[in-house]
Amino acid sequence: MGQFRRIGSGGVVAAVVLGAILASGAGDSRAADSPDGAPLTMQFGAVTVQSIRLNVGVPAASTGDRLIFSHTLTKDGKTVGLSGLECALTSVTTSKPKGAKKPVTSARSHCVATIVLTDGQIAAQGLTDLTDPGGNFELAVTGGTGKYSGAAGTLRKAGGKDKGTYTVDIITG
Amino acid sequence: MKKQLITIVGVATAAALVIGPLALARKDDATVVGPTPRVFDAKEQDSKDRDIRPVGSASLGDEFFLSQSLSEGGALVGSADTTCTFVRVVREAGAATPLAVSVQCGGVAKIGPDVLTFQGLNSFMPNSPTQSRFAVTGGTGAFADAKGEVRVTETGQGTSAIAVELLDA
């Protein structure tokens, strides 16, 4: 639970922003202008809001651990959406390469992610090498709602653990 | 699913949840409300909460599980089973009741011999809607290659209307 970032006095602000995302028509609306079947690329800044690794048994990463985290998505300095992710570690191996001082842990984790924008949701899932929440990943887009109904494509996060960039390449219904 | 949320989030917030709609689901959106969505009446058969520490209030990683029967035109046609995880919990420091929660859910609806899978992220806060939205992510049989969305509207204690709107293949 050590990675849980508690919400302090900013909680009200966060809730207001969340409400604004849900209630307003602001945000990226290019999808509305993109005809069905046309490729669409969207890019957002991402900041980790909350994250946690729920351990099964030992404190170190192990098979069955769950990673849960969320990002606030921004564009031109404005909050335009949010994401939520849940990953389950499906394989964890530790080895000590020849000459290495410390053992190296590698893992596979099955991640399910959903982005919420003002004009719809984008659903994705895939296999990553994450052992802690907040890192980079590449997932398959499996669907969407609203303007993104029937979306297919790729969702990528790059740039590091607690900040980064989301790139969404999709073709809609 | 609201029952589980009510249990976890608390009575005060739960009361607020049902006060009025927020614009998360814009009912006048023609893309969302198609002319002929297939609508099922869902009735809760089983449910369970898994309250991850800290116990007693909504926290990151809390889960709930819901199993529902599906009827269409009064006839039992299948089931829907959904797993949800709290991925964001916004609260003032020290406050028991969250200001807002975001819940990611994945589910499987079995309709006759065919299966439809769905996934979505829905947020709830005071004055939030009683409707949740999910992306259709796939299916089997008649729902193979299915695309579209699912909307769940609470209709009562343990009951809801599930509208499935699929895009033309």
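For the structure, check the block above.
Residues numbered from 1 in each chain as written. Chains lettered and ligands numbered in written order. Predicted model: local features only at pLDDT ≥ 70, side-chain atom pairs only at ≥ 80, totals over all residues. Heavy atoms only, no water.

Asker: Give a detailed account of the sheet that holds strand β7 (residues 152-158) of chain A, specifying residues and quantitative values.
Answerer: Residue and element names in this part refer to chain A. The antiparallel closed barrel is built from eight strands, whose spatial order is β1-β2-β3-β4-β5-β6-β7-β8. On average, each strand axis in the sheet is inclined to that of its neighbour by 30°, with strand direction left out of account. Here four bridges tie strand β5 (residues 120-128) to strand β6 (residues 137-144), and the two strands are oriented antiparallel to one another. Opposite I122, over in β6, you have G144 as the bridge partner. (Pairing = 2+ DSSP bridges. Helix = DSSP H or I, 4+ residues; strand = E, 2+ residues; numbered from the N terminus. Axes fitted to C-alpha atoms, helices over the stretch in contact; angles between N-to-C directions.)

Asker: So, the side chain of H71 of chain A: which residues are in play, and what are the values?
Answerer: Along the chain, H71 of chain A falls in strand β2 (residues 66-75). Residue class for H71 of chain A comes out buried when judged on its relative accessible area of 0%. Reaching out from H71 of chain A, the side chain makes a polar contact with the side chain of Y166 of chain A at a distance of 2.6 Å. Every residue in contact with H71 of chain A, bar those within four places of it in the chain, is listed here: A46, V47, T48, V49, G81, L82, S83, L85, G134, K157 and Y166 of chain A together with R88 of chain B. (Buried < 20%, exposed > 50% of the residue type's maximum accessible area, 1.4 Å probe, protein only. Polar contact = N/O pair within 3.5 Å; in protein donor to acceptor, adjacent residues only side chain to side chain. Contact = heavy atoms within 4.5 Å.)

Asker: Any chance you could break down the pairing of strand β1 (residues 39-54) of chain A for me, citing the residues and the numbers?
Answerer: All names here are of chain A. Examined bridge by bridge, β1 and strand β8 (residues 163-171) share nine bridges and lie antiparallel to one another. By the bridge assignment for β8, G45 is matched with T165. Sheet analysis places β1 next to β2, joined by nine bridges and oriented antiparallel. Residue V47 lies in a different strand from β2, and its bridge partner there is T72.

Asker: Explain the packing of aromatic side chains to me, and be specific about the residues and the numbers.
Answerer: For any two aromatic rings, the description comes down to two numbers: the centre-to-centre distance and the angle of the planes. What the rule picks out here adds up to three aromatic pairs over all chains. Between F64 of chain B and F86 of chain B, the ring centres sit 6.4 Å apart and the planes meet at 70°, which makes this aromatic pair edge-to-face. One end of the pair, F64 of chain B, is in strand β2 (residues 63-72); the other, F86 of chain B, is in strand β3 (residues 75-90), and 22 residues separate them in sequence. Here F64 of chain B and F86 of chain B have matching classes, each one buried. A cation over a ring is seen here: K75 of chain A above F44 of chain A, with NZ or CZ 6.0 Å from the ring centre. (Phe/Tyr/Trp six-rings, centres within 6.5 Å; stacked < 30°, edge-to-face > 60°. Lys NZ or Arg CZ within 6 Å of the ring centre and 35° of its normal.)

Asker: I'd like to hear about the pairing of strand β4 (residues 104-117) of chain A, residue by residue, with values.
Answerer: Two faces, one strand: in a regular strand the side chains alternate between the faces of the sheet. All names here are of chain A. Relative to β4, strand β3 (residues 78-95) runs antiparallel, the two sharing 14 bridges. Paired with A88 across the strands is H110, a residue of β4. Bridge analysis of β4 against β5 gives nine bridges, and the strand direction is antiparallel. When the bridges of β5 are listed, S109 appears paired with T128.

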